[in-house]
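Here's the letter readout for the chains.
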Amino acid sequence: MKTINLFLIIFCVQLSLAQKAEQPNNSYDLGATINEMTLTVGGILVVATNDGLVGINPETSTPTFTFNNFGKLTPEETIFVEDSPYIIVSQGAGSKFAGIAKTKRAVINYITGQVIFNSDNDNWNQVYTCNIFLPDNKLVVSGIQKVGTKAEKMTPKVAVYDLSTQQLDYSFFLDKPGRVGISKDFSVTGLPLLLKDFLIIPTAQGLIAKSHTGEDLWTNKIKRVAWMVSDKSEKEIYGFETTTNGKNTRIHKIGADGKELWQDDRKVKGIVSNFEILPQGIAVVSNKSDGGDKSVFSQKNESEIAFLSASTGEDLWEKAPKTKGYVQHFYVQDDGILFGIQQGGINKISFEGETLFKKPLKTGENIMVMANSPQGLIYITSEDANIVNLKTGEQVWDKPLKYKNSASVASTFDADNNRYLIAADGTIFSIDANSGDAQDFAKVKFDEKEDANQMEMRNGNIYLASSQNMMVLDKDGNEVYHKYYKSPSKSGFMKALSGVVAVASTALTMAHSYQAGLNKTRYGSANNLDNYNDYGKENKRAADMFASIADESFKIMSKRFKATAATENSQFILTKLDDGVGLVKVNKDNGNVDKEIILKDKKPEYQVDEVAGVLFYKANKSTIYAYKL
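Each residue is numbered by its place in its chain's sequence as written, counting from 1. In view of the model being predicted, local features appear only for residues whose pLDDT reaches at least 70, and side-chain atom pairs are presented and counted only at 80 or more, with totals across whole chains, interfaces and linings using the full set of residues. The side-chain figures draw on all heavy atoms in the structure; neither hydrogens nor water molecules are used.

**Let's talk about the side chain of Glu234**
Put simply, the test is: A run of H or I in DSSP counts as a helix once it spans at least four residues, and a run of E counts as a strand once it spans at least two, with each numbered from the N terminus. Within 3.5 Å is the distance limit for a polar contact, defined as a pair of N or O atoms, with the added protein rule that one can donate a hydrogen and the other accept it, and that residues adjacent in sequence qualify only through two side-chain atoms.
As for its placement among the helices and strands, Glu234 is situated in the loop between β18 (227–230) and β19 (236–242). Within polar-contact distance, the side chain of Glu234 engages the backbone nitrogen of Lys196 at 2.9 Å.

Now the structure itself:
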């Protein structure tokens, strides 16, 4: 009888565990060892395996695409084109034999799963460059194509493809096939510039302009240009050439006819990180580096800000503003340029070069927030916070709110009580929006010595969260609930160091990088000061941007950016549960666990799509599970 009872107990326990182990919505056996998982902006999980790439849409039971043409790919050979549904994959490009041996490129639309371009299929033997241009939705490829006569098969060529129709628009040679004479290097040295009426290719012999049918327009002897940008009229073009030592930049200006518009190029110290064409002139931010050289003659590790004449390239400011660090924030306003320094400090300069602030504003290091508020410019650093008058730089609050240097600072605005709330180093500070009076509002003690990195107002209450903690306080600072979910690792500190157990969520923020495609001037500059707590602004801007491109994949991305995020009312936390490591979905308002999924591993590899509310989990070396959260 005892044996039967023991059997029943074991059976019941096993049944209970089986009921808790939730089945995935979809399971994907990829048939090859999984090396990396990347969650894309479009919500598709792209998995790198020993065989190639696989795309997973959690809404379908089979992979969206499988690309094994090039075999195993390293992260350096897989480029996710920002703000797009495209992946550019390469093979042989980083090899020391890249100029001799065969190099391959392919472009994949990870939303449709289509391979839009494959250099093998179009007989490209060597590919120099492969760039996508938005919102034109074009692909520009340069290299050697083994098509045509013997001479043509050896002559550098450029081809332009339409990514929507997947058809070749036009192509042309960079040199005359079979030309007799001294051999010349026509390799492409940087990013082409695609304009409405023509295309400019930077080569080792200079700039070459062609019409959109591939006809010759003009050439220019400016060599080794790395990237270019035009004004809105596309009649004035600026080219950027990195100097031979790699430390400085030469800026050239040419017209739409290829003629140089400046008598001499303009050399700036450092590498250009921001370039703004304004009615008053040209604002240039460049970053200098000593490159590890500690001699007295080496460059300082800091940014330089210059303001140039658009007509001559000469300095319009007699004296450049001192930065004493790298520019972290840079905003063009109606009356001048506002900038914040990563090492601390905020200043504002008129377009005439005059200091608009009575004196440079001293701040703590790492300016996390610079934003408009009804009272003025609010800034929050790792050490202090204040609001200042944007015209004069004078403090609105009598003195800055200071706190112990903290890697994580959270803040929000309580509109019902007209106050700012800032959480840093275990304390919530309340600052009256009108008077600027600050007071300690509440103490917050999170387990594992974590600091709050999220803060928002919810139904009149204050919600705070970190990696393993969630808390709600009422309007008077009284605790409504505090929930702690133990991390699977030894401590929050060790967990942060290891980086093994981490949630990688989709970041719906716009990243602007010249190397990412130079689409800034075509989409419209995002270089403006946001309003404090205006979280939806960038999402709307991204959604509108995607909707403007006449391609179904971009329409899908636009809908995603307009959708309500799954994290609006829930928090996803990896924790140690009674039955093992798992992910819990916790309601922000009451702290209740709405769902938990047990994961087998102590150190699971997974990705969470916080927009769609999907967990992608690496179940074994070749299988991915997808769970709806």
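**Here's the deal with the nonpolar core**
How we decide: Buried residues of nine kinds, namely Ala, Val, Leu, Ile, Met, Phe, Trp, Tyr and Cys, make up a nonpolar core once their side-chain atoms join them within 4.5 Å. Here the term buried applies to any residue with accessible area under 20% of the maximum for its type, exposed to any over 50%, and partly exposed to those in between, with areas from a 1.4 Å probe on protein chains only.
Of all hydrophobic cores here, the largest spans 38 residues; its most connected members are Leu53, Tyr86, Val89, Ile132 and Leu139. Counting 16 residues, the second largest nonpolar core, distinct from the first, contains Ile378, Tyr403, Ile422 and Ala424.

**Structural notes on the side chain of Thr575**
Rules: Every residue pair with non-hydrogen atoms within 4.5 Å of one another is taken to be in contact.
Within the fold, Thr575 resides in strand β40 (residues 570–577). Residue classification places Thr575 among the buried positions, given a relative accessible area of 1%. Polar side-chain contacts of Thr575 include one of 2.6 Å to the backbone oxygen of Lys486. Aside from chain neighbours lying at most four places away, what touches Thr575 is Gln468, Tyr485, Lys486, Pro488, Gly580, Val581, Gly582 and Val584.

**A few points about unusual backbone geometry**
Residues other than glycine predominantly adopt negative phi, and peptide bonds predominantly adopt the trans conformation. In this structure, the amide linkage connecting Leu134 to the following residue, Pro135, adopts the cis form with an omega of 5°. Of note, Asn366 is a non-glycine position whose phi angle comes to about 55°, a positive value. Position of Asn366 relative to the elements: it lies in the loop between β27 (346–350) and β28 (367–373). According to the relative accessible area criterion, Asn366 is partly exposed, its value standing at 26%. Not every positive phi belongs to a glycine, and Asn418 is a case in point at roughly 50°. Here Asn418 shows up in the loop between β32 (410–414) and β33 (419–424). Given a relative accessible area of 26%, Asn418 falls into the partly exposed group.

**Digging into the packing of aromatic side chains**
Which entries qualify depends on this criterion: Pairing of aromatic rings covers Phe, Tyr and Trp, the last counted by its six-membered ring, and requires centre-to-centre distances within 6.5 Å; plane angles under 30 degrees mean stacked, over 60 mean edge-to-face, and any other angle means tilted.
Summed over the entire model, instances satisfying the criterion amount to 16 aromatic pairs. Seen from their ring centres, Tyr86 and Phe554 are 6.0 Å apart, and the 65° between their planes marks the pair as edge-to-face. With a gap of 468 residues between them, Tyr86 in strand β7 (residues 86–91) and Phe554 in helix α5 (residues 552–562) connect regions that are remote in the sequence. Classification of Tyr86 as buried rests on a relative accessible area of 0%. Classification of Phe554 by relative accessible area gives buried; the value is 0%. Members of the aromatic cluster, each reached through a chain of ring pairs, are Trp227, Tyr238, Phe240, Trp262 and Phe275.

**A few points about the sheet that holds strand β20 (residues 248–255)**
Strands pair in a sheet through their backbones, by hydrogen bonds, and they do so in one of two ways: parallel or antiparallel. The cut-off we apply is this: Pairs of strands are assigned from DSSP output, requiring at least two bridges between the strands. Working convention: axes come from line fits to C-alpha atoms, limited for helices to the stretch in contact. Angles between N-to-C directions cover 0 to 180 degrees.
Read from one edge to the other, the open sheet built from four strands follows the order β18-β19-β20-β21, with strand pairing classed as antiparallel. Edge positions in the open sheet fall to β18 and β21 (266–269), since each of these has one partner strand only. Averaged over all pairs of adjacent strands, the angle between their axes in this sheet comes to 25°, without regard to strand direction. Bridging between β19 and β20 involves seven bridges; their strand directions are antiparallel. Residue pairing in the sheet places Ile237 in a bridge with Ile254 of β20.

**Side note on the pattern of salt bridges**
Heads up, the condition is: A side-chain nitrogen of Lys or Arg and a carboxyl oxygen of Asp or Glu constitute a salt bridge if their distance falls within 4 Å.
Scanning all chains against the criterion turns up 22 salt bridges. Across the salt bridge formed by Lys138 and Asp162, the nearest N and O atoms sit 2.9 Å from each other. Here Asp162 lies in strand β12 (residues 157–162) and Lys138 lies in strand β11 (residues 138–145), a separation of 24 residues in the sequence. Here Lys138 and Asp162 have matching classes, each one buried. Residues Arg179 and Asp175 are paired through a salt bridge, measuring 3.1 Å at the closest nitrogen-oxygen approach. Via salt bridges that share partners, Glu456, Arg458, Lys588 and Asp589 belong to a single interconnected network.

**Some details on the confidence of the model for the chain**
Any segment with low pLDDT has predicted coordinates that should not be analysed in fine detail. Here is the rule we go by: Along the chain, pLDDT gives the predictor's confidence residue by residue, from 0 to 100.
On average, residues of the chain score 86 in pLDDT, and 86% of them reach the 70 mark or higher. When mean pLDDT is taken per element in the chain, strand β4 (residues 53–56) scores highest with 98 and helix α2 (residues 492–498) scores lowest with 33. Across residues 491–526, confidence stays below pLDDT 50; counting only partners more than four residues off in sequence or on other chains, it has 81 contacts.

**Digging into α5**
Heads up, the condition is: As used here, the arc is the angular range of directions from the helix axis to the C-beta atoms.
For α5, every residue scored as buried is listed here: Ser553, Phe554, Met557, Ser558, Arg560 and Phe561. Down the axis of α5, the smallest arc covering the buried residues is 160°, so these residues share one side. In α5, the exposed residues that point more than 90 degrees away from the buried face are Glu552, Lys559 and Lys562. At the N-terminal end of α5, a side-chain oxygen is found 3.0 Å from the backbone nitrogen of Ser553, two or three residues along, and the residue is Asp551.

**Structural notes on the sheet that holds strand β5 (residues 65–67)**
Read across the open sheet, the four strands follow the order β2-β3-β4-β5; overall the sheet is antiparallel. The two strands at the open ends of the sheet, each matched to only one other strand, are β2 (34–39) and β5. The mean inter-strand angle of the sheet, taken between neighbouring strand axes irrespective of direction, is 15°. In this sheet, β5 lies alongside β4 in antiparallel orientation, the contact comprising three bridges.

**Quick look at the environment of Glu22**
Note on placement: Glu22 falls in the loop between α1 (2–20) and β1 (26–29). We classify Glu22 as partly exposed; its relative accessible area is 27%. Along the sequence, Glu22 and Lys595 sit 573 residues apart, while their C-alpha atoms lie 9.7 Å from each other.

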